[in-house]
Amino acid sequence: SLLGSSSPKMLRAAWTVARDGWLEFEAAANVTLDVPLTAGAKMLHDFRPGWTTERPISSNPPSWFVSPRRSFAEGVCWITFFVTMTLFLAYKGPGLRPLDLPRSGPRRVTFVDRLIGYSLIVSIVVVFWYKIVTKTMVYMLQPCHIVTMMLIYVCFCTDRRRASIVYAFFVHMNVGTLLALGFPDTSDYWRRNILPEFTIFNFFFLHYMLLIVPLWYEYQGTLHFRKGPYALFVGWMSLVFLHWVVLFPASIVFERNLNYMLSPPKGPLLLLGGRWFKTMQCLVTFPMLIIPGIIFPILIFFLKAIITSLSGVASTLRAPGGASSKAASRRPREEP
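This write-up is about the structure you can find in this document. Being a predicted model, the structure only gives us computed values, none of them experimental. The written sequence of each chain sets the order in which its residues are numbered from 1. Residue-level local features of this predicted model are given only where pLDDT is at least 70; pairs of side-chain atoms are given and counted only at 80 or more, and the full residue set underlies all totals for whole chains, interfaces and linings. As a rule here, side-chain values cover all heavy atoms of the structure and leave hydrogens and water aside.

1. Description of the overall build of the protein chain
Short version of the rule: Secondary structure elements are defined from DSSP: runs of H or I of at least 4 residues count as helices, runs of E of at least 2 residues count as strands, and each element is numbered from the N terminus. To sort residues, take the accessible area from a 1.4 Å probe on protein chains only and compare it with the maximum for the residue type: under 20% means buried, over 50% means exposed, and anything in between is partly exposed. Throughout, a residue-residue contact means that at least one pair of heavy atoms, one from each residue, lies within 4.5 Å.
Looking only at helices and strands, the protein chain has 14 helices and 0 strands in total. What you see in the protein chain, going N to C, is helices and strands ordered as α-α-α-α-α-α-α-α-α-α-α-α-α-α. Taking all 336 residues of the protein chain together, 38% fall into the buried category. When contacts within the protein chain are restricted to residue pairs at least 6 apart in sequence, those whose partners lie at least 24 apart make up 75%.

2. Topic: the pattern of salt bridges
Going by this rule: By convention in these notes, a salt bridge is any Lys or Arg side-chain nitrogen within 4 Å of a carboxyl oxygen on Asp or Glu.
Scanning all chains against the criterion turns up 5 salt bridges. The partner of K42 in a salt bridge is D46, and the shortest N-O contact between them spans 2.8 Å. Of the two residues, K42 and D46 both sit in helix α2 (residues 34-47), 4 residues apart, roughly one turn of that helix. For K42, a relative accessible area of 52% translates into the label exposed.

3. Some details on the packing of aromatic side chains
What counts here: Only centres within 6.5 Å qualify two rings of Phe, Tyr or Trp (six-membered ring in Trp) as a pair; their planes then separate them into stacked at under 30 degrees, edge-to-face at over 60, and tilted for everything else. The criterion for a charge sitting over a ring is simple: Lys NZ or Arg CZ within 6 Å of the ring centre, and within 35 degrees of the ring normal.
By the definition in use, this model includes 19 aromatic pairs. With 6.2 Å between their ring centres and 50 degrees between their planes, F65 and F277 make a pair best called tilted. Placement of the pair is F65 in the loop between α2 and α3 (68-91) and F277 in helix α12 (residues 277-288), with a sequence separation of 212 residues. Classification of F277 by relative accessible area gives buried; the value is 0%. The side chain of K227 reaches across the aromatic face of F225, ending 4.4 Å from its centre. Sitting over the face of the ring of F65, R275 holds its NZ or CZ atom 4.4 Å from the ring centroid.

4. Some thoughts on a nonpolar patch on the surface
What counts here: Excluding any residue in a salt bridge, patches collect residues exceeding 30% relative accessible area, merging like charges within 9 Å and nonpolar Val, Leu, Ile, Met, Phe, Trp and Tyr side chains within 5 Å. Note that accessible areas follow from Shrake-Rupley with a 1.4 Å probe, and for residues the cover is restricted to the protein chains shown.
On the surface, W129, V133, L195, F198, F201 and F205 cluster together into a nonpolar patch covering about 570 Å² of accessible area. For the nonpolar patch, the elements supplying multiple residues, two or more each, are α4 (111-133) and α9 (196-220). At 3 residues, α9 tops the list of elements feeding residues into the nonpolar patch. By secondary structure assignment, the location of F198 is in helix α9.

5. Structural notes on the nonpolar core
Definition in use: We call a set of buried residues a nonpolar core when its members are Ala, Val, Leu, Ile, Met, Phe, Trp, Tyr or Cys and they connect through side-chain atoms within 4.5 Å of each other.
Membership of the largest hydrophobic core comes to 53 residues, with the highest contact counts inside it found for F82, L120, Y167, F170, Y217 and W244. A total of 12 residues in this core trace back to one element, the largest contributor, which is helix α10 (residues 229-254). Apart from the residues within four sequence positions on either side, Y217 is in contact with R107, D113, L151, V154, C155, Y167, T222 and L223.

6. Topic: empty space enclosed by the protein
Any space left empty among the atoms is revealed by the rolling of a water-sized probe across them. Definition in use: Cavity: a set of points on a 1 Å grid over the protein atoms alone where a 1.4 Å probe fits but cannot get out. Pocket: an open set with protein on both sides within 12 Å along at least five of seven lines, its lining residues, like those of a cavity, having an atom within 4 Å of a point. Grid points are joined across faces, edges and corners, and a volume is the space filled by probe spheres set on the points. Just so you know the grouping, Ala, Val, Leu, Ile, Met, Phe, Trp, Tyr, Cys and Pro go in nonpolar, Asp, Glu, Lys and Arg go in charged, and all remaining residues, Gly too, go in polar.
For the coordinates displayed, the defined rule picks out 2 cavities of 30 Å³ or more. In this model, the largest cavity occupies a volume close to 130 Å³. Considering every element that reaches the lining of the largest cavity, the biggest residue donor is α9, with 5 residues. Counted by class, the lining of the largest cavity contains 10 nonpolar, 1 polar and 1 charged residues. Mapped by element, the contributors of at least two residues to the lining of the second largest cavity are α6 (160-173) and α10.

7. Comments concerning α12
Where we set the bar: The span you would expect from a helix comes to 1.5 Å times its residue count less one.
Taking 1.5 Å per residue, 12 residues should reach 16 Å; α12 reaches 16 Å between its end C-alpha atoms and fits that length. Where α12 is buried, its residues contact α3, α10 and α11 (268-273).

8. Concerning helix α5 (residues 143-156)
Between the first and last C-alpha of α5 there are 20 Å, a value that for 14 residues agrees with the 20 Å anticipated at 1.5 Å per step. Of the residues making up α5, those classed as buried are P143, H145, V147, T148, M150, L151, I152, V154 and C155. Residues of α5 that are buried sit in contact with α4, α6, α9 and α10.

9. Concerning the packing of α3 against α12
Stated precisely, the cut-off is as follows: Angles here are taken between N-to-C directions and fall from 0 to 180 degrees, while the axes themselves are lines fitted to C-alpha atoms, restricted in helices to the stretch in contact. Should an angle lie under 35 degrees it is considered roughly parallel, over 145 roughly antiparallel, and from 65 to 115 roughly perpendicular; all remaining angles are considered oblique.
Contact pair α3 / α12: the axes reach a minimum separation of 10 Å and the direction vectors enclose 25 degrees. With respect to α12, the element α3 is oriented roughly parallel. Here S71, E74, W78 and F82 of α3 come into contact with α12, specifically with K278, T279, C282 and L283. Residues belonging to the contact of α3 with α12 are distributed by class as follows: 4 nonpolar, 2 polar and 2 charged.

10. A closer look at the environment of A250
One can find A250 in helix α10. Relative accessible area serves as the criterion here: at 7%, A250 is assigned to the buried category. Along the sequence, A250 and L141 sit 109 residues apart, while their C-alpha atoms lie 9.0 Å from each other. Ignoring anything within four residues of it in the chain, the contact list for A250 reads L141, E255 and L258.

11. Here's the deal with the packing of α10 against α12
Condition: Crossing handedness: left-handed means the near helix sits turned counterclockwise from the far one by under a right angle, and right-handed means the same turn made clockwise.
For the pair α10 and α12, the least separation of the axes is 9 Å and the interaxial angle reads 160 degrees. By the criterion of interaxial angle, the relationship of α10 to α12 is roughly antiparallel. The hand of the α10/α12 crossing is right-handed. Contact residues: α10 offers L232, F233, W236, L239, V240, W244 and F248, while α12 offers K278, C282, T285 and F286. Its residues assigned to classes, the contact of α10 with α12 comprises 9 nonpolar, 1 polar and 1 charged.

Encoded structure:
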């Protein structure tokens, strides 16, 4: 009881120390790097001078909710880090070897693979049509659309190594599906009023497919890669690389809040992260990858074990010499 009552106080104290330390670091960095930060902030502000500094009510309009100075500092730090780490892993580090991928060889594309693939193609074509009609083609860079294209490739790929490589990246980059289904943002469909019921149905259909199909492939066990910390790290690198190196600059150039890289939606990201929400999003994404990268495969493993056991018991009971037959043979015969 003493430990329970003191735990919240210890957490608050730790948070206060961490927050104060970060504020001191930020203040020191602002003084030390004042010249480059000021120049970068001016460059961004002059490029988009008309943006408001308030968080917009809708998620779509761009804004300097995060100031040009802070946006420049975060962008330079994270882009430099991810580009450097990517080059290191590719040319000096282990690359993809720790994933223990299968060798190249033929992979049989089944009827179910084709059915899933064509269903995803129809859904992504609907999304493509909607983006053309609304003149928002840049939103095809959203992670959910990119992972959809990856999954379509996996469905039709006839080489088991290439399919496994793309599938390994897909599993970890697909974590946004959980957020999209947990906190669905369909306001744009209602606001534009272009067949809203149909487009919202397609939104949920596509995201539920992105959730269910990898579970199906995991159950089938036909796409192999070694799960674990390294796979999580590579997946995290790929996902956050996409956000900072592609989506963040594209958001500024095309004046669109791509995957909330300019301002956050209402919810935990805004409440906990505030104007540091992008950095917090970066850090929180890694432990979230444990869900699709480790927890889901473990659940599928136990599900397969349960189904296999039940199938074995059922087969034993149905067999001619099974338990039910033996029990019947042990019953005493009635005297005439």
